[in-house]
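Per-entry structural report
One-letter residues, chain by chain:
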Amino acid sequence: MNAGAAIEVNDLTVAYREQPVLWDVDMTVPQGVLAAIVGPNGAGKTTLIKAILGLIPKAAGEILIHGQPYAEQRRLVAYVPQRGSVDWDFPTNVLDVVMMGRYGALGWVRRAGRREREHAMAALEKVDMVSFADRQISQLSGGQQQRVFLARALVQDARVYLMDEPFQGVDAKTERAIVTVLQALRAAGDTVVAVHHALQTVPEYFDWVMLLNVRRVAAGAVAEVFTDENLRTTYGGRVPFLNGAVVEGAA
Amino acid sequence: MNLFRELFFDYTLRTVALGAGSLGAVSGTLGAFAVLRRQSLLGDAISHAALPGIVLAFLLTGSKNTLVLVLGAAVAGWIGMLFVLSVVRGSRIPSDSALGIVLSVFFGLGLVLLTYTQRLPTASQAGLDTFLFGQAATLLMRDVAVIAGLGAVAVMAVAVFWKEFKLLSFDPEFGATLGVPMRSMEIVLTTVLVVAIVIGLQTVGVVLMSAMVVAPAAAARQWTNRLGRMVLLSALFGAAAGVSGALISASTRNLPTGPTIVLAATVIVALSMAFAPERGLVWAGIRRRRSRRAIQVDAVLEDLFALAQQHEDGTHGHPVAVLEAMSGGRTGVEATLRVLESRRLARRLPDDAWALTPEGLREAEARRSTRSSTA
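Residues numbered from 1 in each chain as written. Chains lettered and ligands numbered in written order. Predicted model: local features only at pLDDT ≥ 70, side-chain atom pairs only at ≥ 80, totals over all residues. Heavy atoms only, no water.

Residue and element names in this part refer to chain A. Helix H7 (residues 172-187) packs onto helix H6 (residues 142-154) with a crossing angle of 15° between their chain directions and a minimal axis gap of 9 Å. Taken as axis vectors, H6 and H7 run roughly parallel relative to one another. Considering how the two elements wind past one another, H6 and H7 form a crossing that is left-handed. The segment H6 lies against H7, with Gly 143, Gln 144, Gln 146, Arg 147, Leu 150 and Leu 154 engaging Lys 173, Thr 174, Ala 177, Ile 178, Val 181 and Leu 185. (Axes fitted to C-alpha atoms, helices over the stretch in contact; angles between N-to-C directions. Helix = DSSP H or I, 4+ residues; strand = E, 2+ residues; numbered from the N terminus. Parallel < 35°, antiparallel > 145°, perpendicular 65-115°, else oblique. Left-handed = near helix turned anticlockwise from the far one by under 90°. Contact = heavy atoms within 4.5 Å.)

This part takes up the packing of helix H4 (residues 66-90) of chain B against helix H5 (residues 95-118) of chain B. How two helices sit against one another is set out by the angle between their axes and by the gap between those axes. Residue and element names in this part refer to chain B. In the contact formed by H4 and H5, the axes pass within 9 Å of each other and the chain directions differ by 150°. It follows that H4 is roughly antiparallel to H5 by the angle criterion. Our pair here, H4 against H5, has a crossing hand that is right-handed. Across the interface between the two elements, Ala 76, Ile 79, Gly 80, Phe 83, Val 84, Val 87 and Val 88 of H4 pack against Ser 95, Ala 98, Leu 99, Val 102 and Phe 106 of H5. When its residues are assigned to classes, the contact of H4 with H5 shows 10 nonpolar, 2 polar and no charged. (Nonpolar A, V, L, I, M, F, W, Y, C, P; charged D, E, K, R; others polar.)

Taken residue by residue, the interface counts 30 residues in chain B and 33 residues in chain A. Connecting chain B to chain A are 6 salt bridges. B:Glu173 is paired through a salt bridge with A:Lys50; the nearest N and O atoms lie 3.1 Å apart. Between chain B and chain A we count 13 residue pairs in polar contact (both at pLDDT 80 or more) in total. (Salt bridge = Lys/Arg side-chain N within 4 Å of Asp/Glu carboxyl O. Polar contact = N/O pair within 3.5 Å; in protein donor to acceptor, adjacent residues only side chain to side chain.)

Let us now look at the packing of aromatic side chains. Evaluated as defined, the whole model comprises 9 aromatic pairs over all chains. Between A:Trp88 and A:Phe149, the ring centres sit 5.0 Å apart and the planes meet at 40°, which makes this aromatic pair tilted. Of the two residues, A:Trp88 sits in the loop between strand E6 (77-80) and helix H3 (94-99) while A:Phe149 sits in helix H6, which places them 61 residues apart along the sequence. According to the relative accessible area criterion, A:Phe149 is buried, its value standing at 0%. Taken together, the ring pairs in this structure connect A:Trp108, B:Phe33, B:Phe161, B:Trp162 and B:Phe165 into an aromatic cluster. (Phe/Tyr/Trp six-rings, centres within 6.5 Å; stacked < 30°, edge-to-face > 60°. Buried < 20%, exposed > 50% of the residue type's maximum accessible area, 1.4 Å probe, protein only.)

Attention now moves to the nonpolar core. In this structure, A:Val98, A:Leu124, A:Tyr161, A:Met163, B:Leu30 and B:Leu201 are the most contacted members of the largest nonpolar core, which totals 139 residues. In terms of residue count, helix H3 (residues 40-61) of chain B provides more of this core than any other element does, 10 residues in total. Ignoring sequence-local partners within four residues, the contact set of B:Leu201 consists of B:Ser47, B:Ala50, B:Ile54, B:Ala73, B:Phe131, B:Gly134, B:Val206 and B:Met209. (Core = buried A, V, L, I, M, F, W, Y, C linked by side-chain atoms within 4.5 Å.)

A word on the sheet that holds strand E4 (residues 60-65) of chain A. All names here are of chain A. Reading across the sheet, the 4 strands line up as E2-E1-E4-E5 and stay open at both edges, with antiparallel pairing between neighbours. Lying at the two open borders of the sheet, with one neighbouring strand each, are strand E2 (19-30) and strand E5 (68-69). Direction of pairing for E4 relative to E5: antiparallel, over a ladder of 2 bridges. Within E5, the position partnered with Leu 64 by the bridge is Pro 69. Each of strand E1 (5-16), E2 and E4 is contacted by helix H1 (residues 45-52), which is oriented at about 115° to E1, the strand it contacts most. (Pairing = 2+ DSSP bridges.)

The subject of this paragraph is empty space enclosed by the protein. Residues and elements named next belong to chain B. In the structure shown here, the tally under the stated rule is 1 cavity of 30 Å³ or more. Estimated volume of the largest cavity: approximately 50 Å³. Lining the largest cavity, in full, are Leu 30, Phe 33, Ala 34, Arg 37, Gln 39, Leu 189, Thr 190 and Leu 193. Counting residues per element, the ones that place at least two in the lining of the largest cavity are helix H2 (11-36) and helix H10 (182-198). Residues belonging to the lining of the largest cavity are distributed by class as follows: 5 nonpolar, 2 polar and 1 charged. (1 Å grid on protein atoms, 1.4 Å probe; cavity = no way out; pocket = protein on both sides within 12 Å on 5 of 7 lines; lining within 4 Å. Points joined across faces, edges and corners; volume = space filled by probe spheres on them.)

Time to look at the domain arrangement of chain B. As far as domains go, chain B holds domain 1 (2-279) and domain 2 (283-374). One C-alpha centre belongs to domain 1 of chain B, the other to domain 2 of chain B, and the line joining them spans 57 Å. (Domains from an automatic or database assignment.)

Pairing between side chains of opposite charge can happen when their charged atoms approach one another. Evaluated as defined, the whole model comprises 17 salt bridges over all chains. A salt bridge links A:Asp96 to B:Lys166; the shortest N-O distance between them is 2.7 Å. Linking A:Asp96 in helix H3 with B:Lys166 in helix H8 (residues 162-170), this pair reaches from one chain into another. Like A:Asp96, the residue B:Lys166 is buried in the burial classification.

Along an α-helix, a turn takes 3.6 residues, which lines up residues three or four apart on a common side. Residue and element names in this part refer to chain A. Regarding helix H10 (residues 228-235), the residues found buried are Asn 230, Leu 231, Thr 234 and Tyr 235. Considered in projection along H10, the buried side chains sweep an arc of 120° and stay on one side of the axis. Residues Glu 229 and Thr 233 are exposed on H10 and point more than 90 degrees away from its buried face. Lining the buried residues of H10 we find strand E3 (34-38), strand E9 (208-213), strand E10 (215-221) and helix H9 (222-225). Looking one or two residues past H10, Gly 236 carries a phi angle of roughly 65°, positive in sign. (Arc of directions from axis to C-beta.)

On the surface, B:Arg288, B:Arg289, B:Arg292, B:Arg293 and B:Arg343 cluster together into a patch of positive charge. Position of B:Arg292 relative to the elements: it lies in helix H15 (residues 281-310). (Patch = residues over 30% accessible without salt bridge, like charges linked within 9 Å, V, L, I, M, F, W, Y side chains within 5 Å. Areas by Shrake-Rupley, 256 points an atom, 1.4 Å probe, with all protein chains shown as cover. Lys, Arg positive; Asp, Glu negative; His and termini not counted. Charge placed at Lys NZ, Arg CZ, Asp CG, Glu CD.)

Within the fold, B:Thr190 resides in helix H10. Once residues lying within four places of it in the same chain are set aside, the contact partners of B:Thr190 are B:Leu42, B:Ile46, B:Met81 and B:Leu85.

Structure below.
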């Protein structure tokens, strides 16, 4: 067991109708890093995140958050799902969605009050969405939806943030806002693990990376494992959009 | 106004109105969540699945006590609901098929049992078939107490589990990561939905009860963008539909209550779909017409301006046919010209010819320059 690890995944196997989606995956993410999970479509990236969160049953394996099983450390973990996973025509506004992040801490019966509202407004400030607090959520752009989801995770005051494609299809302003938030989290010693698609931004945004294709191909510091050879193994020879993003001299 | 006086003094009417009003409020409250979770059909399956439970409860106890029959209905509806949830979770059968299977199998079983009991030599089974289409006129204060009592429990559950039901409806996976037991919450919500449905079966009937779950909520969604207001409105609409439908039915001979209540709910839905601000079709139609009109005004103004520039004399008139040809055969050019006339941007000359006024000329020039600067 690695006491300094934010997330420790040992021998994780997840199967969907007897087809393995993740096979014997190990992953040890140190505390205070921005970690990317990359791999081709169907590699099991989203499955890995959902399995860590207990949303998908695992066939085998162990998951530790800050050294303890996930079920005991739930409060330390915040989740930013893909924004396409909900119906944005739901009758509610931005502030209300962000306050949902406090529902776990509130416990049963108690309603969100002034404290929760202030908490949510502070999170909206961080993602530059304060002026949208009263906005009906169906009137948000894709990037704004993503920032609302990020704010909802921020109010959880977690130590580990799991994000499913936070940069997927967002505008440049949102991308900058998210990067700023991620860096602030890292500066505070928190850990972020994000499923990421754009390989060319991996070295710029992240300092730790896991290359995944059902099995673990490689994992570690970007400078060490984000190599041409590892990417070729992960993507089966067809590496999209590399353009020299690979760490110089490491290959 | 006679009806209003009777409502206060006539015991039967007052009982009917109270019963139908409270069942409508409860089904409206729970219906809001069913509609938001896209489970409108679940209500239909539950109400149909309740029929064999009602008949079996009678066969086992020999009693037609409302509480007994409602309990039978609830047990059967609940089993049907659990069946749907487990089939969806544990097999590849999609949920609409699972709902269809449960609905028809349980309802078929209920009809067989109902036919069987009606052949029994005793006369005590008489009236069970009113559960098909509902019968408000037979409501007693005792029944109203059952409806209101169980209904209050259902509404209280919504108040207690408000946050959890909201998470369940909006983002259940996120809710699960917060540590909220979403599966248990789903069973609680659906169980409360079963309660809301079975208390309405005597009045509205198993065939149409699902309309009382869907219609008030669908109407309420039109008027508001907040969950709390939607649930309140839905309860209000449900109560209004229940009271008005039940009173109309009770004061007319041989008019079944279920269909009348559902028609009342339909009127509310139709009015909401037409006139609700933002989402209402009437306002959307008006907005669409306005923007089409604005585009047409712009186009005709542009055309007149182009014609004016081709002639030295800006006040030279042009026939409607020319403008129609320029607009690509679009209709309504003449109406658009009249709009321009009323804004003093164009004027009609003899022989149905049209020209820009000096103001129209300035306006067209101004619009053209803003267009080219933004382009």
